[in-house]
Amino acid sequence: MGNRLTQIATRTGDAGTTGLGDNSRVSKNSLRVHAMGDVDELNSQIGVLLCEDMAADVRELLVEIQHQLFNLGGELSIPGFELLKPEAVAALDEALERYNAQLPRLQEFILPAGSRAASLAHVCRTVARRAERAVVALGNEEAIKDAPRQYLNRLSDLMFVLARVLNRMNGGDDVYWKSERMAQGGAA
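These numbers come from a predicted model, not from an experiment. (Residues numbered from 1 in each chain as written. Predicted model: local features only at pLDDT ≥ 70, side-chain atom pairs only at ≥ 80, totals over all residues. Heavy atoms only, no water.)

A. Quick look at the environment of Met-159. Structurally, Met-159 can be placed in helix H5 (residues 146-167). For the pair formed by Met-159 and Ala-118, sequence separation is 41 residues and the distance between their alpha carbons is 8.9 Å. Leave out the neighbours within four places in its chain, and Met-159 touches Leu-49, Leu-62, Ala-121, Cys-124 and Arg-125. (Helix = DSSP H or I, 4+ residues; strand = E, 2+ residues; numbered from the N terminus. Contact = heavy atoms within 4.5 Å.)

Okay, structure coming up:
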């Protein structure tokens, strides 16, 4: 892997196609490329989130997630290949259980707001949902493994939970939606 990227500007994509890991070429507008792009954007957004102050365990978890998202991107770039293992999904399930157990039960919807770190985690959550939709769309057209779809589904849930955890750093809290229905005493 030492000298894999020897030339960045190859100009091979100037005609609107891009190369996959199996050396095939597809349209830059293909479902596979959309899924790859959304996963890449999600990884980049997590990189922005990592610029914020946070507990060391949350930071370590997010760095591991970045590595797994890189695996997921690699898997998407090579049709039929598997890089993201089911164990990665299980690790997210464990993290979800651990961090959610620390939080008070939700009584109302929350807004994607609060601290900057929590707000960035909410952005990651929404990008994860978009990436999941792109992987589902790809899976409707081509055979793909279950782990990519499952990983993105769990990751969006985990980012919601981590946003709540990050809002509680330094004594903060969630920002609750002011529901008209709830303000009127629960009338439908």
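B. Seen up close, the nonpolar core. Membership of the largest hydrophobic core comes to 46 residues, with the highest contact counts inside it found for Leu-49, Leu-62, Ile-65 and Leu-69. Of all elements in the fold, only helix H1 (31-49), helix H2 (56-77), helix H3 (86-100), helix H4 (116-141) and H5 reach the threshold of two or more residues within this core. Apart from residues no more than four positions distant in its own chain, Leu-69 is found in contact with Val-39, Leu-42, Asn-43, Ile-46, Tyr-151, Leu-152 and Leu-155. (Core = buried A, V, L, I, M, F, W, Y, C linked by side-chain atoms within 4.5 Å. Buried < 20%, exposed > 50% of the residue type's maximum accessible area, 1.4 Å probe, protein only.)

C. Representation of H1 in the model. Here H1 spans 27 Å end to end across 19 residues, near enough to the 27 Å set by a 1.5 Å rise per residue. Among the residues of H1, those classed as buried are Arg-32, Val-33, Ala-35, Met-36, Asp-38, Val-39, Leu-42, Asn-43, Ile-46 and Leu-49. Along its buried surface, H1 packs onto strand S1 (17-19), strand S2 (25-27), H2, H4 and H5. (Expected span 1.5 Å × (residues − 1).)

D. Broad picture of the environment of Ala-163. If you trace the backbone, Ala-163 turns up in helix H5. Each C-alpha atom of the pair Ala-163 and Ala-118 lies 4.1 Å from the other, and the pair is 45 residues apart in sequence. Contact partners of Ala-163, with chain neighbours within four places excluded, come to Ala-118, Ala-121 and His-122.

E. Structural context of the pattern of salt bridges. Following the criterion strictly, the structure yields 12 salt bridges and no others. If you follow the salt bridges from partner to partner, you end up with Arg-164, Arg-168, Asp-173 and Asp-174 in one network. (Salt bridge = Lys/Arg side-chain N within 4 Å of Asp/Glu carboxyl O.)

F. Spatial organisation of the side chain of Ser-156. Its place among the elements puts Ser-156 in helix H5. Judged by its relative accessible area of 1%, Ser-156 falls in the buried class.

G. Expanded view of the side chain of Arg-32. For Arg-32, the location among the structural elements is in helix H1. In this view, Arg-32 contacts Leu-20, Glu-75, Leu-76, Pro-79, Leu-138, Glu-142 and Ile-144; residues no more than four positions away in its chain are not counted.

H. The arrangement of a nonpolar patch on the surface in detail. Side chains of Phe-109, Leu-111 and Trp-177 sit close together on the surface and give an oily, nonpolar patch of about 330 Å² of accessible area. Inspection of the secondary structure assignment puts Leu-111 in the loop between H3 and H4. (Patch = residues over 30% accessible without salt bridge, like charges linked within 9 Å, V, L, I, M, F, W, Y side chains within 5 Å. Areas by Shrake-Rupley, 256 points an atom, 1.4 Å probe, with all protein chains shown as cover.)

I. Fine view of H2. Between its terminal C-alpha atoms H2 stretches 32 Å, which fits the 32 Å expected from 22 residues at 1.5 Å a residue. Buried within H2 are the following residues: Val-58, Leu-61, Leu-62, Ile-65, Gln-68, Leu-69, Leu-72, Gly-73, Gly-74, Glu-75, Leu-76 and Ser-77. Check the buried side of H2 and you find it contacts H1, H3, H4 and H5.

J. Spatial organisation of the packing of H1 against H2. Two numbers describe how H1 lies on H2: the axes approach to 9 Å, and their chain directions differ by 165°. With respect to H2, the axis of H1 lies roughly antiparallel. For the pair H1 and H2, the sense of crossing is left-handed. Between H1 and H2, the residues in contact are Arg-32, Ala-35, Met-36, Val-39, Leu-42, Asn-43, Ile-46, Gly-47 and Leu-49 and Leu-62, Ile-65, Gln-66, Leu-69, Phe-70, Leu-72, Gly-73, Glu-75, Leu-76 and Ser-77, respectively. Grouping the constituent residues of the contact of H1 with H2 by class yields 12 nonpolar, five polar and two charged. (Axes fitted to C-alpha atoms, helices over the stretch in contact; angles between N-to-C directions. Parallel < 35°, antiparallel > 145°, perpendicular 65-115°, else oblique. Left-handed = near helix turned anticlockwise from the far one by under 90°. Nonpolar A, V, L, I, M, F, W, Y, C, P; charged D, E, K, R; others polar.)

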